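# Fold and contact review
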Amino acid sequence: MLYAGTERGLYVSFDQGSNWQSLQLNIPAIPITDLKIQGNDLVMSTQGRAFWIIDDITPLRQYNSKQKTAGMHLYAPAVAHRMASGNGGGQAEYTSPNPPAGAVFYYSLSEALELKENKLTVEILDGQGEVVRTLSSNDEVGNKGGRGKKAYALPAEKGINRGVWDLRSDSVTMVPGLYQFGAPPGGAISGYSLAPGNYALRLSLGDRVQEQPLELRWDPNFSYEQASIAAQQDLTQKLFSMLDETYRSVLNLQTIKEQIQSRVKIVEGIDEMEDRVKAANDLIETIETWENLVINRKRSNGQNVLSYEPRLNFSLFTLLSNVDAAMQGVTQGQRDRFQDLESQWKTAMSERDKLLAEDIPAYNSTVTAAVLIPPIDSQ
């Protein structure tokens, strides 16, 4: 593979110079006076038009003409790095945008997708082959893709597309309408940061599937102790699972409460049904008492959070955020706080189990139409 800078622009050859084609992109028609490959970037100096950089030439290095006619093609990604801090940098006219933070990957499509009929997905698999994150296209966002964090949508345009994995796991289960200070509306909390190691990308479109390995490394400017990182990941995963199960339990009991309320509406006001209405209202009160242990629905925005006491979910989220950022290890204070919260969480889950195993079946025995108990999937 060869690059050539000329008096009028930039060219590339994929066959040792036998054939050349333009690689001008958005570079002005200007003399290119020097070229240098720095890592995965092609850097060029020009006469009178400053320096230019083509970020990440990974797909160029793997390109062949057959990819033009292939329905889709997933390129092997370059090594990604989990940095200790963000990319930073301004966005003024005299600065260039930084590359996206996270693992950047490329794939080509022979045609732009009709997103209402097709869905493009990229799954990130860990070293054990377990899916830790799923990214997908979104017809509301469109073929260009974009947005960020949990709402990120894959681009699905004709030609080469660039996707970005922010190095986080899938998000915590969302409870509609629940506000949590420090998180987006609706409790849509992003997943936790994953430790460097060997991962894989799996691109799927209909029945077509392709995979490529992905290596994730630490910020090369720092050193890390493997034992400390393993402890940090273990504690992060535990907190994430506890918070996620808490929210799934809230959704589960909310569904049950709605079933009970619908039955009360049918028989309310009928004298001979008073006992059933009382039993239903007692159970609804028990469910709401449990819910009030783990969440506070009165906290509805960033202003009134000071007026209403936080519950278990806020404490779990706060500690999760702190531990997730602890790249140099977990402090003793964080371990102690986890012990406190784990005890509270186990008590709450024990009371939830009693509701599901005793209180709701007891209520079902008093009514003709039994309440269905949705399953709470375990992780």
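Just above, that's the structure.
All of the points below concern the structure found in this document. Since this is a predicted model, take the numbers as computed values, not measurements.

Across the interface, helix H3 (residues 274–294) lies against helix H5 (residues 332–364) with an axial gap of 11 Å and an inter-helix angle of 170°. What the angle tells us is that H3 and H5 run roughly antiparallel. Contact residues: Arg276, Ala279, Ala280, Leu283, Thr286, Ile287, Trp290, Leu293 and Val294 in H3; Ala348, Met349, Glu351, Arg352, Leu355, Asp359, Ile360 and Tyr363 in H5.

Viewed as axis vectors pointing N to C, helix H4 (residues 312–324) and H5 meet at an angle of 150°, and their least axial separation amounts to 11 Å. The chirality of how H4 crosses H5 is left-handed. Of the residues in H5, those touching H4 at Leu312, Ser315, Leu316, Leu319, Asn322 and Val323 are Gln334, Arg337, Phe338, Leu341, Gln344, Trp345 and Ala348. For the contact of H4 with H5, the class distribution of residues is 8 nonpolar, 4 polar and 1 charged.

We now examine the sheet that holds strand E12 (residues 159–165). Backbone hydrogen bonds hold the strands of a sheet together, and the pairing may be parallel or antiparallel. An order of E7-E9-E12 is seen for the 3 strands of this open sheet, with the pairing classed as antiparallel. The outermost strands of the open sheet, each flanked by one partner alone, are strand E7 (72–74) and E12. For this sheet the average axis-to-axis angle between neighbouring strands, irrespective of direction, equals 25°. Examined bridge by bridge, E7 and strand E9 (residues 103–109) share 3 bridges and lie antiparallel to one another. Considered in E9, the bridge of histidine 73 is made with serine 108.

With 33 residues, H5 should reach 48 Å at 1.5 Å per residue; the first-to-last C-alpha distance of 47 Å fits that figure. At leucine 355, H5 shows its largest bend, some 40°. The set of residues buried in H5 consists of Gln334, Phe338, Leu341, Trp345, Ala348, Met349, Arg352, Leu355, Leu356, Ile360, Tyr363 and Asn364.

Going through the model one piece at a time under the given rule, you end up with 16 salt bridges. The partner of arginine 352 in a salt bridge is glutamate 245, with the nearest N and O atoms 2.8 Å apart. Note that arginine 352 is positioned in helix H5 and glutamate 245 in helix H2 (residues 226–267), a separation of 107 residues in sequence. Judged on exposure class, the residue arginine 352 and its partner glutamate 245 are both buried. A salt bridge links lysine 354 to aspartate 359; its shortest N-O distance comes to 3.1 Å. For lysine 354, a relative accessible area of 40% corresponds to the partly exposed category. Judged by relative accessible area, which is 23%, aspartate 359 ranks as partly exposed. In this structure, a network of salt bridges that share partners links the residues Glu123, Arg202 and Glu211.

Another aspect to go through is the environment of serine 204. Tracing the backbone shows serine 204 in strand E13 (residues 197–205). Along the primary structure serine 204 and lysine 119 are separated by 85 residues, whereas in three dimensions their C-alpha atoms are 8.4 Å apart. If sequence neighbours within four positions are ignored, serine 204 has contacts with Lys119, Leu120, Thr121 and Val209.

Counting across every chain of the model gives 5 aromatic pairs. For the ring pair tryptophan 165 and tyrosine 199, a centre distance of 5.5 Å and an interplane angle of 65° mean the geometry is edge-to-face. With tryptophan 165 in strand E12 and tyrosine 199 in strand E13, the pair connects residues that are 34 residues apart, well separated along the chain. Look at tryptophan 165 and you get buried, because its relative accessible area is 0%. For tyrosine 199, a relative accessible area of 10% corresponds to the buried category. When the ring of tyrosine 192 is compared with that of phenylalanine 240, the centres are 5.2 Å apart and the planes differ by 70°; the resulting orientation is edge-to-face. Within this pair, whereas tyrosine 192 is found in the loop between E12 and E13, its partner phenylalanine 240 is found in helix H2, the two being separated by 48 residues in sequence.

Read across the sheet, 3 strands follow the order E1-E2-E3 without closing on themselves; strand pairing throughout is antiparallel. The open sheet terminates on both sides in strands that have one partner only, identified here as strand E1 (2–5) and strand E3 (21–22). Relative to strand E2 (residues 10–13), E1 runs antiparallel, the two being bridged by 4 bridges. Looking at the pairing, alanine 4 lines up with tyrosine 11 of E2.

On to unusual backbone geometry, then. A positive phi is found at leucine 25, a non-glycine position, where the angle reads about 50°. With respect to the helices and strands, leucine 25 occurs in the loop between E3 and strand E4 (32–38). Phi at aspartate 56 is positive, roughly 55°, even though this residue is not glycine. Following the sequence through the fold, aspartate 56 ends up in the loop between strand E6 (51–54) and helix H1 (58–61). The class of aspartate 56 is buried, set by a relative accessible area of 15%.

Parameters and conventions
- Residues numbered from 1 in each chain as written.
- Predicted model: local features only at pLDDT ≥ 70, side-chain atom pairs only at ≥ 80, totals over all residues.
- Heavy atoms only, no water.
- Axes fitted to C-alpha atoms, helices over the stretch in contact; angles between N-to-C directions.
- Helix = DSSP H or I, 4+ residues; strand = E, 2+ residues; numbered from the N terminus.
- Parallel < 35°, antiparallel > 145°, perpendicular 65-115°, else oblique.
- Contact = heavy atoms within 4.5 Å.
- Left-handed = near helix turned anticlockwise from the far one by under 90°.
- Nonpolar A, V, L, I, M, F, W, Y, C, P; charged D, E, K, R; others polar.
- Pairing = 2+ DSSP bridges.
- Expected span 1.5 Å × (residues − 1).
- Bend = angle between axes of the 7 residues up to and from the residue.
- Buried < 20%, exposed > 50% of the residue type's maximum accessible area, 1.4 Å probe, protein only.
- Salt bridge = Lys/Arg side-chain N within 4 Å of Asp/Glu carboxyl O.
- Phe/Tyr/Trp six-rings, centres within 6.5 Å; stacked < 30°, edge-to-face > 60°.

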